[in-house]
Amino acid sequence: MQKYDVVLLVDASLSETNRKETVSEFEKLIKKITIDQDDIGLQQLMYNLGNKSWNDKAYVYSYFIQAEAEDLDVIKKNLLYNKAIKRYYIFKMDKNEEF
């Protein structure tokens with residue numbers, strides 16, 4: 001099993017209820033493989049997400065997971081079709097790196 005850092009940028013224009021629902025659905029998906037998580041909060045981005053000039057803020061969530069390649073495929077597929085998640089990044093961690 002390999003360690004990964006999964007970073008989500010969630011649409012800031014969502015209501016708090018919708019945002020929490022989106023995040024909780026993702027957390028249910030990765031519940032068994034999550035080592036640690038961090039709710040970074042609302043962040044001003046350096047660039048606009050998409051072609052709208054007002055779309056330059058996002059809620060950032062980070063998850064430290066330990067997963068197999070098959071688990072990553074499921075995670076990527078889930079994130080790809082979720083319109084509330086504007087961007088996601090998956091970073092492969094070295095064995096000696098900490099969250």
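The following refers to the structure shown. Values in this document were obtained by computation on a predicted structure and should not be read as measured data. (Residues numbered from 1 in each chain as written. Predicted model: local features only at pLDDT ≥ 70, side-chain atom pairs only at ≥ 80, totals over all residues. Heavy atoms only, no water.)

1. Here's the deal with the sheet that holds strand 1 (residues 2-11)
And step 1. What the four strands build is an open sheet, ordered 2-3-1-4; its pairing is antiparallel. Of all strands in the sheet, those bounded by a partner on one side alone are strand 2 (34-44) and strand 4 (85-92). Each strand axis lies, on average, 15° off the axis of its neighbour in the sheet, ignoring direction.
And step 2. Here nine bridges tie strand 2 to strand 3 (residues 57-67), and the two strands are oriented antiparallel to one another. What sits directly across from Asp38, in strand 3, is Ser62.
And step 3. Lying over the sheet, helix 1 (residues 16-29) contacts strand 1, strand 2, strand 3 and strand 4, oriented at roughly 10° with respect to strand 3.
And step 4. Here helix 2 (residues 69-80) sits on the sheet in contact with strand 1, strand 3 and strand 4, set at roughly 165° to strand 4. (Pairing = 2+ DSSP bridges. Helix = DSSP H or I, 4+ residues; strand = E, 2+ residues; numbered from the N terminus. Axes fitted to C-alpha atoms, helices over the stretch in contact; angles between N-to-C directions. Contact = heavy atoms within 4.5 Å.)

2. Things to note about the nonpolar core
And step 1. Of all hydrophobic cores here, the largest spans 17 residues; its most connected members are Leu8, Phe26, Tyr63, Ile65 and Ile75.
And step 2. Where this core is concerned, the elements lending two or more residues are strand 1, helix 1, strand 3 and helix 2.
And step 3. Among the elements that line this core, the one with the most residues is strand 3, at five residues.
And step 4. Counting residues in hydrophobic clusters, the runner-up holds five residues, among them Val7, Leu9, Leu45 and Val60. (Core = buried A, V, L, I, M, F, W, Y, C linked by side-chain atoms within 4.5 Å. Buried < 20%, exposed > 50% of the residue type's maximum accessible area, 1.4 Å probe, protein only.)

3. A closer look at the packing of aromatic side chains
And step 1. On inspection of all chains with the given rule, the structure shows two aromatic pairs.
And step 2. Over the ring of Tyr59 we find Arg19, and its NZ or CZ is 3.8 Å from the ring centre. (Phe/Tyr/Trp six-rings, centres within 6.5 Å; stacked < 30°, edge-to-face > 60°. Lys NZ or Arg CZ within 6 Å of the ring centre and 35° of its normal.)

4. Quick look at the pattern of salt bridges
Close approach of charged atoms allows side chains with opposite charge to pair.
And step 1. Tallying each qualifying case throughout the model produces two salt bridges.
And step 2. Across the salt bridge formed by Lys86 and Asp11, the nearest N and O atoms sit 3.9 Å from each other. Placement of the pair is Lys86 in strand 4 and Asp11 in strand 1, with a sequence separation of 75 residues.
And step 3. The exposure class assigned to Asp11 is buried, which follows from its relative accessible area of 10%. (Salt bridge = Lys/Arg side-chain N within 4 Å of Asp/Glu carboxyl O.)

Note that all results are geometric; they support no functional claim without further evidence.
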